[in-house]
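Results of the structural survey
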Amino acid sequence: MKRKWAILLAATLAMAAPMAVFADEKDDRIAELESEVEDLQTQIEELQKQLDEALAKTPAATDQESYKIGDTWVVDGQWKLTVTSVEETEERNEYADTDPAAVYLITYEYENLGYESEGWNGLFISLEDGIVDEAGSMGYSYPGDITKYAQETPVGAKCTAQSCIGVEHAGDFQIHFSMYDGNGKEQKAVFDIEL
């Protein structure tokens, strides 16, 4: 019986020694993983700090760009648009339903760089909508005397056109232009017209 106990005790001690070694290896691996987690957390915090600094230096993002008379707005592979001049006219249409404080003739040029859309024979741009006068009131199309009309313009061609608009408050104004490109993505720009 003593011999059985001695064998059992020897077997238990033999098994306990590898378990103790295994437990030490496990503790070492846990400590190693904890150290790696701490290093990764430090890297994450540093990257977050760099991101926050970069965002603070970046101007507020908008989906609209701003242009002035003579500036060219380019939508890659689609079109170029330039407001070439804006002139105030004293002429009034006696048949018009409105009596604007000021009437402006906008001359602009657009070029089709690759715009194609089902149902259209080319690029057609009108600048009669999206007019905001200096007091924040919406302007409108006015039946004025224009000589150059917007036309559907095929790829590779240019068109010089005019729009006549009326505003309730004379002075500087903006043209908020929005149009879907040939890929179905809305493109926006603001032309700041300083007179």
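Read on for an overview of the structure. (Residues numbered from 1 in each chain as written. Predicted model: local features only at pLDDT ≥ 70, side-chain atom pairs only at ≥ 80, totals over all residues. Heavy atoms only, no water.)

The subject of this paragraph is the layout of surface pockets. If you add up the space inside the largest pocket, you get close to 180 Å³. Lining the largest pocket are 13 residues, and of these F124, S126, F177, S178 and M179 sit closest to its centre. Looking at the lining of the largest pocket residue by residue, the classes come out as seven nonpolar, five polar and one charged. (1 Å grid on protein atoms, 1.4 Å probe; cavity = no way out; pocket = protein on both sides within 12 Å on 5 of 7 lines; lining within 4 Å. Points joined across faces, edges and corners; volume = space filled by probe spheres on them. Nonpolar A, V, L, I, M, F, W, Y, C, P; charged D, E, K, R; others polar.)

One pass over the full model with this rule turns up two salt bridges. For E32, the salt bridge is made with R29, and the minimal N-O distance between the two is 2.6 Å. You can see E32 and its partner R29 sitting in helix α1 (residues 2–57), three residues apart, about one turn around the helix. Relative accessible area serves as the criterion here: at 42%, E32 is assigned to the partly exposed category. On the accessibility criterion, R29 (41% relative accessible area) is partly exposed. E194 serves as the salt-bridge partner of K68, at 3.1 Å between the closest nitrogen and oxygen. Highlighted residues: K68 in the loop between β1 (65–67) and β2 (72–75) and E194 in the segment after β9 (186–193), separated in sequence by 126 residues. On the basis of relative accessibility, which here comes to 38%, the residue K68 falls in the partly exposed class. (Salt bridge = Lys/Arg side-chain N within 4 Å of Asp/Glu carboxyl O. Helix = DSSP H or I, 4+ residues; strand = E, 2+ residues; numbered from the N terminus. Buried < 20%, exposed > 50% of the residue type's maximum accessible area, 1.4 Å probe, protein only.)

Let's shift gears to the environment of T98. In this fold, T98 is placed in the loop between β3 (79–89) and β4 (102–112). For T98, a relative accessible area of 34% corresponds to the partly exposed category. A C-alpha to C-alpha distance of 9.8 Å links T98 and V167, two positions 69 residues apart in sequence. Excluding residues that lie within four positions of it along the chain, T98 makes contacts with Y140 and Y142. (Contact = heavy atoms within 4.5 Å.)

Spatial ordering of the open sheet is given by β1-β9-β8-β5, a layout of four strands whose pairing is mixed. A single partner strand is all that each edge strand has here, and the edge strands are β1 and β5 (131–133). The average undirected angle you get between the axes of adjacent strands in this sheet is 25°. In the sheet, strand β8 (residues 173–180) pairs with β9 via eight bridges, with the strands oriented antiparallel. Across the sheet, residue S178 finds its bridge partner in β9, namely K188. (Pairing = 2+ DSSP bridges. Axes fitted to C-alpha atoms, helices over the stretch in contact; angles between N-to-C directions.)

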